[in-house]
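# Survey of secondary and tertiary structure
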Amino acid sequence: MISLRKPGAWNTFHFFLVLGSFLSLLFLILSILLPAFTSSNYYERSLNQLRNKTISIRRAFGDLIADMEEKSFILTQSPFPEDRDRIFFLFKSLRINQETEGIAYYENSGDLVLWLGQVINLHAALDGNDERAAFRERKSAFLIRHKASAYLVSIKEITENRFLVIYRLLAFLPEFRTPYLKEYHFLDERLLENCSIAYWDFREDLSGFEKLFARYDDEFIGEPQLQREIQTIFFPLRNQGKEIVASVTLSSPSLSSKISSQKEGILLIFFIVLGTTLILLIAAIVKSPGFFKEKKALPVFL
């Protein structure tokens, strides 16, 4: 057994003891000074973070539309097949994610003939010929709400009585949530934090929102709720035709919750480092040859 009285063993023990003590003291001081650092310019920093998040969300939505346009181009770049087997083979060649994407082939006024993945029955989703006609006339991607789901939809007309529809599931919003029935949004978890999204069907009147966003250049910044606390940004997601498809509200964490969360993390590290240092110290004392001979811990420091 290596004795701590040897210079090498003592130096190693001394180094880790000093290092652990220093780190413990450092994290303790950080936990005390943290509120002052976090509070400094919190309003401006949180607003910049929200704006960066706004850019990321808009980019993610724009990528969805671009992907749908690319699929539409692939489907129609050559003469569309007449044979249904060949049509279905063409659908499968796109290798879509059938849980969130769909392709459908319709005839006449909306008779669903062939489909793959997530699609809807237009006769069930649309009321009457007027809505079906408005559906067919859309030139840009748009949103349709059907039951608990919100779909981004892109239509490509083949002939007067034949058309393709590409679907992308944006959200699934069940009225009741269970472990097997969860809410879904097209954004990843990182972007969904402190984020609320409203999805607007193409049949809804959004003139009020258009006036609001026109006045604030598509970015309405709310007044902080309580001084230096929650900051919000309200902005639209638009299609290629600059029409509103969804609206997003982002909110920053409150200053108090931000400080509390950071402080808990630093204190956790402090207690881990402190506990590890104490365990090493006790182990070194117990393993010291003089501990059992003299019944005291002094030899470890000699």
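Our subject in this report is the structure included herewith. Everything numeric here is computed off the predicted structure, so don't read it as measured data.

### So, the nonpolar core
Burial of nonpolar side chains together is a common tendency in soluble globular proteins. Counting 41 residues, the largest nonpolar core has I57, F91 and Y199 as its most contacted members. With eight residues, the single largest contributor to this core is helix α2 (residues 42–76). Apart from the residues lying within four places of it in its own chain, the contact partners of Y199 are L143, R145, A150, L170, A171, L173, H185, F186, E204, V245 and A246.

### Some thoughts on the pairing of strand β4 (residues 149–159)
Where strand β3 (residues 142–146) lies against β4, five bridges are found, and the strand directions are antiparallel. In the strand pairing of β4, F142 is matched with V153. Taking the residues that link successive antiparallel strands as the turn, the β3-β4 hairpin has two residues, and the phi of K147 there is positive, at about 55°. Inspection of the sheet shows β4 paired to strand β5 (residues 162–172) by ten bridges, in the antiparallel sense. Residue pairing in the sheet places T159 in a bridge with R162 of β5. Remark: two residues form the turn of the hairpin made by β4 and β5, two consecutive strands paired antiparallel.

### Thoughts on the pairing of strand β2 (residues 111–117)
As a general feature of sheets, a regular strand has side chains that alternate between the two faces. As paired elements, strand β1 (residues 101–107) and β2 share six bridges and run antiparallel to each other. If you follow Y106 over to β2, its bridge partner there is L112.

Thresholds applied
- Residues numbered from 1 in each chain as written.
- Predicted model: local features only at pLDDT ≥ 70, side-chain atom pairs only at ≥ 80, totals over all residues.
- Heavy atoms only, no water.
- Core = buried A, V, L, I, M, F, W, Y, C linked by side-chain atoms within 4.5 Å.
- Buried < 20%, exposed > 50% of the residue type's maximum accessible area, 1.4 Å probe, protein only.
- Helix = DSSP H or I, 4+ residues; strand = E, 2+ residues; numbered from the N terminus.
- Contact = heavy atoms within 4.5 Å.
- Pairing = 2+ DSSP bridges.

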